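# Overview (structure and organization)
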Amino acid sequence: MGWEIAPPEVGDLPRILYVSDIAQIFCRSQKAVRSAVSRGTLPPLRNVGGRACWFREDLLSVGAEIRGRKHKRNVKISAGPYNYDKSRMMVTFTIPGLSRDKGRVRKVAPAGLDQAGALAWGEAQRNEVMAEVFGDRRKNESQESVPAPAPVVRHRKEVEKVAEEFEDSAPTVDEFWVRFESEYLPTCKPATRRAYRCRWQHDLHVAIGTTPIDHIDRHAMAKLRARVARLSPRSRNFVIDLLQVMLRQAKIWGVIAERPKFDREKEPKRMGREPYTEAQLDTLIHHTRCAGEARDRVFVLLLAHAGLRSGEVCALRWGDISLDLGVINVAHNLSDGQEASPKGGEAAPVGMSSDLREALEELPQGPDDHVLLRPNGRALTPAIVDRWLRRLQHQAGVPVTSPYVMRHTCLTILADRGLDPLRLQAHARHKHFSTTEDYIKRLQQQKRAREAAAVWDIGMPGRGMSRAPVRRAASALDGGAHVPQAVSPLADRLPKNQPKKTQSPRSPTSART
């Protein structure tokens, strides 16, 4: 059965056709339709509303049978050696559009037939197989049925070799990308889609595009690593991650049996910008309060108190804010210029401080539903957010940082004030607790470093000074608060002036003598 559609009948088709529609028209499976797209038999798919489809005009030069015409159902017949007897052939009848159990029938061909003869015998059995599958039991009584022979013991390697020889070849990486782009990429964020397409076009397509996806081994990875050697370690790992995602989806879709795993490169640790101190943050907030601009005050408090990301500030709407409950429902994000879901894929609530609630009550609502807009009434972008923040930092006389550092400042101050780790994770909207734990560990390291330095300021024990001032100095670093024993046991770990001699217990008899 061909794939051509007669031009006069194309007008009967709907305006937009999806893969399932074409599979129903041609009585093929959806996998066969995608394979035809990969081979170029059918035109490439479009992406409309996040789904892969064709327009009716795309099928003017393609197409064959139209809905409403009675079709002769297609049957794919293949033949290969019978696993239990090498002298005979196993014929497999595959009917597209049915499940694996119902749409696949296997029969053993008579003895003495080669592969070509077994295929010819299978063609003669086509009607009988169709009758068996669809319930029409019109068998030819004069035809002799051939029983399956008794199992013959075969070596496992011989079975695997025969199976590999007659197994359908897997698509190349280029062919698999067509399906990956049309079905998986629409589920990603716009910025992720753009980054994936860029790395595919410049690296994966050039290095291993013609390699079958089930033959990606260390040799193929060597070619890919040589191609991306010019990139930074972080970009090289991004390319490897993209390949891993493609292989994972290939395994989920049944294209490959096992997914190979490849090691990522070790990335050098990047030194991030230090967050603001509480005094610096208070200076910035006080400047926005004295300047008299409600927009500036709301803008800084959304970053510093609510801990919103720059894309979330751009997409924040009045419908997401509940002033009565004091909660902001973060449900929108701006990714690559397009509205998308927030990081993590789900909306999450964030509590408002009293200063933020007061600033939002004073902020007049504009013509748009967005909370913050540009002076000309247009929506914000992450680049505008960066420039806006830098202008306020210059005016307040505090170090210039990015919106992410403002979020980092928010979480660091909350952790330093002793907020419960689980509540801190809820406020930060971190998917994994390990991300939140990094803030707590960093504060503990800084606290231990300050306590160690305090020992040098007051002198070492054992040189004419007692150990009591060390304990008082360590607690003074926390504003006079008691330091838990698990955090600051430094004084107890220092050597004493004179180590005490251990005395063995004496018996009552020795004591009397």
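Attention in this report is confined to the structure presented alongside it. (Residues numbered from 1 in each chain as written. Predicted model: local features only at pLDDT ≥ 70, side-chain atom pairs only at ≥ 80, totals over all residues. Heavy atoms only, no water.)

### What about the overall build of the protein?
Let me state the cut-off plainly: Numbering of helices and strands runs from the N terminus; a helix is a DSSP stretch of H or I covering at least four residues, while a strand is a stretch of E covering at least two. Categorising residues by exposure relies on relative accessible area from a 1.4 Å probe, with only protein chains included: less than 20% of the type maximum marks a residue as buried, more than 50% marks it as exposed, and the intermediate range marks it as partly exposed. Two residues qualify as a contact provided that any one of their heavy atoms is within 4.5 Å of a heavy atom in the partner residue. To measure how exposed things are, a 1.4 Å probe is used in the Shrake-Rupley method; for residues, cover is taken only from the protein chains shown.
Regarding its fold elements, the protein presents 20 helices and 11 strands. Here the protein holds 513 residues, and 38% of them are scored as buried. Put simply, 60% of the contacts in the protein that link residues at least 6 apart link residues at least 24 apart. For the protein, the accessible area works out to roughly 30700 Å², and carbon and sulfur atoms hold 51% of it.

### Side note on unusual backbone geometry
Of note in the backbone geometry, Arg429 takes a positive phi value of approximately 60 degrees without being a glycine. Within the fold, Arg429 resides in the loop between helix 16 (421-428) and helix 17 (433-458).

### Quick look at the side chain of Gln425
Structurally, the position occupied by Gln425 is in helix 16. By relative accessible area, which is 16% here, Gln425 ends up buried.

### Overview of the packing of helix 8 (residues 218-227) against helix 9 (residues 233-252)
Condition: For helices, the axis comes from a line fit to the C-alpha atoms of the stretch in contact; other axes are also lines fit to C-alpha atoms, and the angle between any two N-to-C directions lies between 0 and 180 degrees. In this scheme the handedness of a crossing depends on how the near helix is turned from the far one: anticlockwise by less than a right angle means left-handed, clockwise means right-handed. As a working rule, the residues Ala, Val, Leu, Ile, Met, Phe, Trp, Tyr, Cys and Pro are called nonpolar, Asp, Glu, Lys and Arg charged, and the rest polar, with Gly in that last group.
In contact at an axis separation of 10 Å, helix 8 and helix 9 are set at 145 degrees when each is read in the N-to-C sense. The crossing of helix 8 and helix 9 is right-handed. Contacts between helix 8 and helix 9 involve Met221, Leu224 and Arg225 from the former and Val239, Ile240 and Leu243 from the latter. In the contact of helix 8 with helix 9, the residues fall into 5 nonpolar, no polar and 1 charged.

### Notes on the sheet that holds strand 2 (residues 46-48)
Operational definition: Note on pairing: DSSP must find at least two bridges between two strands before they are called paired.
Spatial ordering of the open sheet is given by 1-3-2, a layout of 3 strands whose pairing is antiparallel. Each edge of the sheet is formed by a strand with only one pairing partner; in this case those strands are strand 1 (16-18) and strand 2. Going from strand to strand, the sheet's axes swing by 60 degrees on average, the running direction of each strand aside. As judged from the 3 bridges shared by strand 1 and strand 3 (residues 51-55), these two strands associate in the antiparallel manner. Residue Leu17 lies in a different strand from strand 3, and its bridge partner there is Trp54. Against the sheet, helix 1 (residues 19-26) makes contact with strand 1 and strand 3, and its axis sits at roughly 80 degrees relative to strand 1, the strand it touches most.

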